[in-house]
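Descriptive structure summary
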Amino acid sequence: MERLIFLKFRRGNFQQGFEVMLRMGSDAETEGNFPAAPNIPELYQRWRSDYLALGLLPRGKIGQGRAINTAELKKKCRQSAEELRNSIKAWLSSENREFQKFREKLLRGLPDTQAEIRVIIQTEDRLLRQLPWQEWDLFSDIYTNAEIALSPLDYNRTARATPANDKKQVRILAILGNSEGINVESDRQFIKSLPSTDPVFLSEPQRSELTNHLWEEDWDILFFAGHSSSLNDTGQILINKKDILTIGDLKRGVRKGIQQGLKIAIFNSCDGLGLARELEDLHIPQIIVMREPVPDEFAQEFLKHFLNAYANGQSLYLAVRAARERLHDQGFEDEFPGTTWLPVICQNPAEEVLTWQELALGKQANNSEKTTTQKEQTQTMSTKDSLMAHFRSPNGLDFLTTNPQNSLEPYAQLFSIIFNQLGKAGMAGILAEFQSEPSDSNNKLVLLGVLEKQITKNEEFANKLMVLFKQIESGNKIQRERPSSGNVQVGASFNNITFTGGDASNFNNIGNTNQYNNLTVPK
């Protein structure tokens, strides 16, 4: 199951905190708050200064590198990177009451920990875009198939021509720009080795040559390797030894390329957030850039690991994560602390994310929000079918006790979900069904019937039950969801189900409280 999460930073700053809107899939937006973290801007600038002082030979402006990377400078950079990492982790796990409410709301909407999750940070704030969001403990340590991307607050979709029916290869326009002091030839050789690929390479092209290729042919991927840099929100690339171009200089050709099917732009060069920001204005589906200058060898290795994973079946998001984590294990963090933070996806939320195979076959990208809704509807149907199969099996609810780690905890979790999702009125309905049955009825069968009705008409209820069942099947400790009011206590074999605190007293107004507090469900 794939999950799409939007975090829209509407207003605020690190001194006072941020107002954030949370949207999960096709659900309605809900408000939340991120707390103040006044130390983060200074810590980021300190790490950045220490990182650039290492003298890396980057794919940035010519002459930036000094190749002095001494042990003392590395130690200083490592310390500042660790301080920034710890500060971000503390911020994103803050005990602030409002933030905890927000975090709990987020957790309730997440699927099982093995699901693929795409988290979209929507913001125009430059520092928020520079931060290494992958240090968030939820998505670094718990949901390990998650990747975080950036997006502007406003976005749109460009209408495209229908691709040719006989298309069977990924078309790549690869620009190998000014390569003074760096090795872009390795990028060429690796791209040529990819499966189902039709690449065209432009080595230090003239502007007119590049423009003609954008206007006259259809491309899936636009790739640039060479020197680049950003000043504020304006990026520039060195396409040859004398021509320095901004995206604004090429925007008509890039827009034409998008209309003809261009879906991904990869800038395997330095300091690319300015490039991404200008490309976002043209509504390209996905962009991959480096947030800051990167060493030449890092750029080469990232491209190799990312494209290898993507071309061999991984999703674009998980391929970026896999490449970043592999580079960490290769030791780049030892030499250049913080460098594995730098690759980032910039996503147009109005666009679908295609696989490599879909690119090769010319699948037209659909509206992402519509597609996500359709996927979730399909997933919900399969969730309902799976739950029905559980309920209608000979053992019914007995599988709730199949996890020896949890003992009776699954029952408490089940009734927590019922209480939270159905509320007092819903619980009254359940009680009414119990009370309408003959005294010798099998209460477990009555409960199964009630649950079947609820999962048929309540998608969120069904999804939460499915998460519970997957946790049980995996043998993991149940992540307890507490009821919105009061506690749920469950005795042996369902014999005693007791609500305490909060609204529990209100159940006196529903009916026979004693019967409710002592529902007997035979083994």
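Our subject in this report is the structure included herewith.

**Section: the overall build of the chain**
Assigned secondary structure in the chain consists of 18 helices and 16 strands. Sequence separation of at least 24 residues holds for 73% of the intrachain contacts in the chain that already meet a minimum separation of 6. Total accessible area on the chain stands at roughly 22100 Å², and carbon and sulfur atoms take up 45% of it.

**Concerning the sheet that holds strand β11 (residues 244-246)**
The strands making up a sheet associate through backbone hydrogen bonding, with each pair oriented either parallel or antiparallel. Within the open sheet, the three strands sit side by side as β9-β10-β11. Their pairing is antiparallel. With partners counted over all chains shown, the strands left at the sheet margins are β9 (228-231) and β11, one partner each. Taking the axes of each pair of neighbouring strands and ignoring which way they run, one obtains an average angle of 30° across the sheet. On the sheet, helix α9 (residues 273-280) packs against β9, β10 (234-238) and β11 and is oriented at approximately 110° with respect to β10.

**A few points about the pattern of salt bridges**
Summed over all chains, the structure comprises 30 salt bridges. E124 serves as the salt-bridge partner of R277, at 3.0 Å between the closest nitrogen and oxygen. Within this pair, whereas R277 is found in helix α9, its partner E124 is found in the loop between β4 (116-122) and α4 (126-130), the two being separated by 153 residues in sequence. Under the relative-accessibility criterion, R277 is labelled buried at 18%. Classification of E124 by relative accessible area gives partly exposed; the value is 36%.

**A few points about the packing of aromatic side chains**
By the definition in use, this model includes 22 aromatic pairs. On the numbers, 5.5 Å between centres and 80° between planes, the contact of F9 with F18 is edge-to-face. Between F298 and F332, the aromatic rings sit 5.4 Å apart at their centres with planes inclined by 85°, giving edge-to-face as the arrangement. Of the two residues, F298 is situated in helix α10 (residues 296-311) and F332 in helix α12 (residues 332-335); the sequence distance between them amounts to 34 residues. The exposure class assigned to F332 is buried, which follows from its relative accessible area of 7%. The structure contains a cluster of three or more aromatic residues connected by ring pairs, namely F9, F14, F18, F34, W91, F99, F102, W133, W136 and F139.

**Notes on the packing of α10 against helix α11 (residues 316-329)**
Two elements in contact, α10 and α11, have axes separated by 8 Å at closest approach and are oriented at 140°. Taken together, α10 and α11 sit at an angle that is classed as oblique. In the crossing of α10 with α11, the sense of the turn from one axis to the other is right-handed. Counted together, F298, E301, F302, H305, F306, A309 and Y310 of α10 and L316, A319, V320, A323, R326 and L327 of α11 form the full contact between these two elements. Taken together, the residues of the contact of α10 with α11 sort by class into ten nonpolar, one polar and two charged.

**Digging into the pairing of strand β2 (residues 17-24)**
In terms of burial, β2 is a largely internal element, seven of the eight residues being buried. Counting the residues in the hairpin turn of strand β1 (residues 2-13) and β2 gives three residues. Of the strand pairs in this sheet, β2 and strand β3 (residues 30-34) are connected by five bridges, and their pairing is antiparallel. Its bridge partner lying in β3, L22 is registered against T30. Hairpin geometry of β2 and β3 is characterised by an intervening segment of five residues between the two adjacent antiparallel strands and by a positive phi of about 65° at G25.

**Here's the deal with helix α6 (residues 185-192)**
By the burial criterion, the buried members of α6 are D187, R188, F190 and I191. Check the buried side of α6 and you find it contacts β6 (170-176), β7 (197-203), β8 (221-225), β12 (264-268) and α10.

**Side note on unusual backbone geometry**
The phi dihedral of S196 falls on the positive side, at around 50°, and the residue is not glycine. Summarising the element assignment, S196 is placed in the loop between α6 and β7. Residue class for S196 comes out partly exposed when judged on its relative accessible area of 38%. For H283, which is not glycine, the phi dihedral falls at a positive 70°. Tracing the backbone shows H283 in the loop between α9 and β13 (286-290).

**Re the side chain of S269**
With respect to the element layout, S269 can be found in the loop between β12 and α9. Within the structure, the side chain of S269 is placed 2.7 Å from the side chain of S228, a separation counted as a polar contact.

The rules behind the values
- Residues numbered from 1 in each chain as written.
- Predicted model: local features only at pLDDT ≥ 70, side-chain atom pairs only at ≥ 80, totals over all residues.
- Heavy atoms only, no water.
- Helix = DSSP H or I, 4+ residues; strand = E, 2+ residues; numbered from the N terminus.
- Contact = heavy atoms within 4.5 Å.
- Areas by Shrake-Rupley, 256 points an atom, 1.4 Å probe, with all protein chains shown as cover.
- Pairing = 2+ DSSP bridges.
- Axes fitted to C-alpha atoms, helices over the stretch in contact; angles between N-to-C directions.
- Salt bridge = Lys/Arg side-chain N within 4 Å of Asp/Glu carboxyl O.
- Buried < 20%, exposed > 50% of the residue type's maximum accessible area, 1.4 Å probe, protein only.
- Phe/Tyr/Trp six-rings, centres within 6.5 Å; stacked < 30°, edge-to-face > 60°.
- Parallel < 35°, antiparallel > 145°, perpendicular 65-115°, else oblique.
- Left-handed = near helix turned anticlockwise from the far one by under 90°.
- Nonpolar A, V, L, I, M, F, W, Y, C, P; charged D, E, K, R; others polar.
- Polar contact = N/O pair within 3.5 Å; in protein donor to acceptor, adjacent residues only side chain to side chain.

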